[in-house]
Amino acid sequence: MAETRLQAVRRHLGYKADDVIKMLLRRADTLNVPAMSATSLKTKLSRWENGREGVSQPYRRLFRDVYGRTNEELGFPEEEVNDEADELISRLALARSVDTETIEIFKRQVDQARHVDRRFGGVALLDQLRSNIEQIQSLLGFSTLQGQRQALASVLTEASALAGWEALDRNAIRQSWEHHETAKAAAREAGSPILLAHSTAQQAFILIDLGEVQSAVGQLAEARALAERTAPPVLRAWMAAAHGEGLAAAGQRDDALRAFDTADQQLPTDPVDPALPFLFLGGAHLDRWRGNALSKLGEPDAIQRLTDALPRLPPDFIRAKTGMLVDLAFAFAAAGDRDASLEHARQARRLAAQIKSDRQLRRLSGLILPGSAIDDIA
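Conventions adopted
Residues numbered from 1 in each chain as written. Predicted model: local features only at pLDDT ≥ 70, side-chain atom pairs only at ≥ 80, totals over all residues. Heavy atoms only, no water. Helix = DSSP H or I, 4+ residues; strand = E, 2+ residues; numbered from the N terminus. Polar contact = N/O pair within 3.5 Å; in protein donor to acceptor, adjacent residues only side chain to side chain. Contact = heavy atoms within 4.5 Å. Buried < 20%, exposed > 50% of the residue type's maximum accessible area, 1.4 Å probe, protein only. Core = buried A, V, L, I, M, F, W, Y, C linked by side-chain atoms within 4.5 Å. Axes fitted to C-alpha atoms, helices over the stretch in contact; angles between N-to-C directions. Parallel < 35°, antiparallel > 145°, perpendicular 65-115°, else oblique. Left-handed = near helix turned anticlockwise from the far one by under 90°. Salt bridge = Lys/Arg side-chain N within 4 Å of Asp/Glu carboxyl O.

Novice: Whenever I open this one, the side chain of Thr157 confuses me. Can you help?
Specialist: Following the sequence through the fold, Thr157 ends up in helix α9 (residues 146–169). Among the polar contacts listed, one links the side chain of Thr157 to the backbone oxygen of Ala153, at a separation of 2.8 Å. Apart from residues no more than four positions distant in its own chain, Thr157 is found in contact with Ala183, Ala186, Ala187, Leu195 and Ser199.

And the structure:
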């Protein structure tokens, strides 16, 4: 049986049927509209999504409000459109219906996307994240309660920063930059120097990829200053390491190594902070980051650092592993070891193709093996 538009929209948004039922009932309660029980609605949702029964009123309006889609997009017949005042009232009421549970649903969606991203890459997630971002932006745009706005803005920051990082991995540079601009604006709305510092620093990696390394170093320094006084130790350590990578890209060896030494000193014994689920610096992570910087600097120590860190990397960090293999390919090439460079490049290319990491494939295209001007590493 062909998928109905109603079912397609739910799946595109990444909602479970139970979550949709809760949102429909909350919306009905906000509008003071009589609605059937959750049990009955579950049966109806199945029939509606399978095309066995047409969606009746008031549920068409409830679906439009919850999904943020038009009648046409949901497969409903056209109806008389409310005037602008009614539409605004409806949007304001929907924004008011956002509660702690709704915020938690958004947070879970972002966290699930984060887990999928590091294992499989962002190719399957960008569209879903963009839809989530649009939905959160819409709710934020019509929210009138300060606490609610800050909560929505915090989630929007994390979702946009993740989408920006995924877009960078796909080599969608302009899109990545715009997602990070959204993240920074949302962090300011949330009143969070911590989130603003992280988004600002992460955006600087786009500048590094573009070869705008001095601008990147300046932006990383500003981000580090934002986090220096108020941020938890793990974020201060992360910011120092990020600054170190920028300095390495700029060829500032001594300053880069000092920044990584600072990151080592600031890293707490327990580097996991539940309030910062987007930071990974414990175990092999700081070592692989330093190895990346050493590789950029052409330092012989890069090989040992990366080789030691690689087996300690958690198995679900496939994208990070791909980057480490690329770093090793460059490090062995710099050391004149053609065979080792070629082997690591081939492994990296396989993984990069698997997770659709255009960024790492682009890096590999610039690898020159010892003894050649250009080599095929496929």
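Novice: What is the right way to read the environment of Ala334 from this model?
Specialist: Tracing the backbone shows Ala334 in helix α17 (residues 318–334). You can call Ala334 exposed: its relative accessible area is 58%. Measuring from C-alpha to C-alpha, the distance between Ala334 and Leu369 comes to 8.5 Å, with 35 residues separating the pair along the chain.

Novice: Whenever I open this one, the nonpolar core confuses me. Can you help?
Specialist: General note: in soluble globular proteins, nonpolar side chains tend to be found buried as a group. Counting residues in hydrophobic clusters, the biggest one holds 43 residues, and the most contacted among them are Leu6, Val20, Phe63, Tyr67 and Leu152. Looking at this core, the elements that each hand over two or more residues are α1 (5–13), α2 (17–31), α3 (38–49), α4 (59–67), α7 (100–120), α8 (126–141), α9 and α10 (173–190). Per element, the largest residue contribution to this core is 8 residues, and it comes from α9. In contact with Tyr67, other than residues within four places in its own chain, are Leu6, Val9, Arg10, Leu13, Tyr15, Val20 and Leu74.

Novice: Even after reading the chapter, I still don't get the environment of Asp169, so can you show me in this structure?
Specialist: Along the chain, Asp169 turns up in helix α9. You can call Asp169 buried: its relative accessible area is 3%. In sequence terms Asp169 and Arg359 are 190 residues apart; their C-alpha atoms lie 4.9 Å from each other. For Asp169, the contacting residues outside a window of four places in its chain are Arg319, Lys356, Ser357, Asp358 and Arg359.

Novice: What's the story with the packing of α10 against helix α11 (residues 193–209) in this structure? I'm lost.
Specialist: Two quantities define a packed helix pair, namely the angle between the axes and the distance from one axis to the other. Taken N-terminus to C-terminus, the directions of α10 and α11 make an angle of 165 degrees; their axes are 9 Å apart at the nearest point. Comparing the axis directions of α10 and α11 gives the class roughly antiparallel. Note on packing geometry: the crossing formed by α10 with α11 is left-handed. On the side of α10, the interface is formed by Ile173, Ser176, Trp177, His180, Glu181, Ala183, Lys184, Ala187 and Arg188, while α11 contributes Leu195, Leu196, Ser199, Thr200, Gln202, Gln203, Ile206 and Leu207.

Novice: Mind showing me how you'd approach the pattern of salt bridges here?
Specialist: If the charged atoms of two oppositely charged side chains come close together, the side chains can form a pair. Scanning the entire structure with this criterion turns up 30 salt bridges. Among the salt bridges present, the one from Asp99 reaches Arg26, with a minimum N-O distance of 3.8 Å. Taken together, the residues Asp99 in the loop between α6 (84–96) and α7 and Arg26 in helix α2 connect sequence positions 73 residues apart. By relative accessible area, which is 18% here, Arg26 ends up buried.

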